[in-house]
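# Observations on the model geometry
These are the residues of each chain, in order.
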Amino acid sequence: MPTRALSTAGESAVVDALGRNREPAWRARQIQAAVWQPFVDGFEGMRQLPAALRTALAAEFEFSTLTVDTEMPADSGLTLKLLCRLADGQTIETVAMETPGRDDSRRRSTVCVSSQVGCAVGCPFCATGHMGLRRNCSPAEIVDQVRAAGTALHRRGLGPVTHIVYMGMGEPLANVAATLESLTVLTRDAGISARRITVSTSGVAPAIAQLAAADLPVTLAVSLHAATDALRDRLVPINRTYPLGVVLDAASRYAERSGRRISFEWCLIGGVNDSIEQAEGLRDLARRTQAHINVIPMNRIDGSPWGPPEPEVARRFLAALQGARVTVRDTRGGDADAACGQLRADLEARRILRPDGTLSPPRVPARA
Ligand code: SAH
Ligand code: SF4
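Since the model is a prediction, treat every value here as computed from it, not as a measurement. (Residues numbered from 1 in each chain as written. Chains lettered and ligands numbered in written order. Predicted model: local features only at pLDDT ≥ 70, side-chain atom pairs only at ≥ 80, totals over all residues. Heavy atoms only, no water.)

### A short note on the packing of helix 1 (residues 11–20) against helix 2 (residues 27–35)
Note the cut-off: Angles run from 0 to 180 degrees between N-to-C directions of axes, and those axes are lines fitted to C-alpha atoms, restricted for helices to the stretch in contact. Where helices and strands are cited, they refer to DSSP runs of H or I of at least four residues and of E of at least two residues respectively, numbered from the N terminus. Angular relationships are summarised with four words: roughly parallel below 35 degrees, roughly antiparallel beyond 145, roughly perpendicular across 65 to 115, and oblique for the angles in between. Two helices that cross are described as forming a left-handed crossing if the nearer one is turned anticlockwise from the farther one by less than a right angle, and a right-handed crossing if clockwise. Any two residues whose heavy atoms approach within 4.5 Å at even a single point are treated as in contact. Note on residue categories: nonpolar means Ala, Val, Leu, Ile, Met, Phe, Trp, Tyr, Cys or Pro, charged means Asp, Glu, Lys or Arg, and polar means any other residue, Gly included.
Helix 2 packs onto helix 1 with a crossing angle of 125° between their chain directions and a minimal axis gap of 9 Å. With respect to their mutual orientation, helix 1 and helix 2 come out oblique. The hand of the helix 1/helix 2 crossing is right-handed. On helix 2, the residues that touch E11, V14, V15 and L18 of helix 1 are R27, A28, R29 and I31. Grouping the amino acids of the contact of helix 1 with helix 2 by side-chain chemistry returns 5 nonpolar, no polar and 3 charged.

Pasting the structure below:
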C-alpha cells in the first residue's frame, strides 16, 4: 500500500525515490508537472516516464488521497458539485464553478474546497454545522480536491482552475496547519497565485495571526453575519470565544500585513439579521476596516426554519449599506457556494449517505 500522498510529498521525497530506482533526479520536475496536468488521472497516464518507474512510484506514492464518488452538474453545466470519498470512507464536497469571460473580465474557473469533514463551530444556518466535526482534512486531501476538480472540469472542456476558495465544508482556520501547508503547495506547485485564493473563516482570531505570519497574501473573508456580539454569539457560536472586536483586530492586522483588502461575508437571513440596524452596523464596520461586503441570501437547509428575507426587505437592507463596497452573490454563485455541505446533506436525507459518512451501496454513479 502506498503511504505518501504524491501532491504534498515534496520534491526531495520524489528525488529520493528516483535515486532508489536508478533514475535521474531531473525526472522529479517531469513528475511534478504531471501531478498538475488535469488530463493525467493516475501514474499510468504519466506516459513520459518509463513503465517500470511508473509501477515503482505507484507502490510508494498515493496518486490522490480521494476519489470522486458523484459528480453533479448544475447551472447548465457551468457548476460541478463533486462528492469526494476519502481513504477512510468519509466524504467531503468540492464545487467547481465556471464563470465565462465578459468583455472586461477573463474567464474564471473557481474551485471551492472543504477543509474538514464537518465543522465544530455549529452555525445554525449551515448544513455542515449541523454535522458536528468528524475530523480534519489532511493537507493532501485539500490539495487533491483542486486536482480532482481540475480533472472533472477538463473532461467537460472547462478549466483550467484559476481561483480557489476555502468555503466548502469546515473551518479552515480550525485546521490551520493543514490549511497553511495546502496553501504553500497550491501557490508553489499548482501555479495559482495567492491573490486568486480566498480563505473564509468564522473568526478564529489566533489562526488569523498565524495566516498573516505565513506571508501568503491570500484574501481573507470573515464570515460576519452579525454586527453585534449579542446576535453573533447566536449565529456564529465561536464568537463567544473570539468576540467581534478581537476578530476585527486580527483581520485588520491581516489586511495591513498582507496588503490585501479583507471581505465580510453576510448570509442574509429573513427576520434574523436583515434589520436596518444590523445593516448600518455592518456598513460602519466595513468602512472602518475598508472591507468589501459579500451578501449571500441564505440557502434553505434541512433542520433550520430560517431562509432568505422577502425581496423588499433585502432591498432595504442593501440600500442601508450605501457607502460601502458591496457584492450580492448572484443566484448561481450563492447556490454553488452555499451548496457546500448541502449536497452531502441531501444524500444523507435520501439515505445514500450513512450517518458515519460512508456511502451506502448502491453507489451513486459518477456522471460522465
Ligand atoms: N467555515 C468557514 C468557511 C466555510 S462556510 C466560514 O464559515 O467562513 C463558507 C460560507 O458559506 C460562510 O460565509 C458561511 O457562513 C456560508 N454559509 C453557510 N451556510 C449557508 C447557507 N445556508 N446559506 C448561505 N450561506 C451559507
Ligand atoms: Fe462551520 Fe463555516 Fe458552517 Fe459555521 S458556516 S458551521 S464555521 S462551515
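### Describing helix 5 (residues 139–155)
As a reminder, the rule being used: Here a helix's expected span is defined as the number of its residues, less one, multiplied by 1.5 Å. Three labels apply to residues, based on accessible area from a 1.4 Å probe with only protein chains included: buried if under 20% of the type maximum, exposed if over 50%, partly exposed otherwise in between.
For helix 5, which comprises 17 residues, the first-to-last C-alpha distance of 25 Å matches the rise-based estimate of 24 Å (1.5 Å per residue) to within 8%. The buried fraction of helix 5 amounts to 15 of the 17 residues, a majority that puts the element mostly inside the structure. Residue G157 follows helix 5 closely and has a positive phi angle near 75°.

### Observations regarding unusual backbone geometry
Cis peptide bonds are those with omega within 30 degrees of zero, and the linkage from G159 to P160 qualifies with 0°. Relative to the helices and strands, P160 is located in the loop between helix 5 and strand 9 (163–166). A positive phi angle, near 50°, is found at S76, a position not held by glycine. Within the secondary structure, S76 sits in the loop between strand 3 (66–74) and strand 4 (79–86). The class for S76 is exposed, based on a relative accessible area of 77%.

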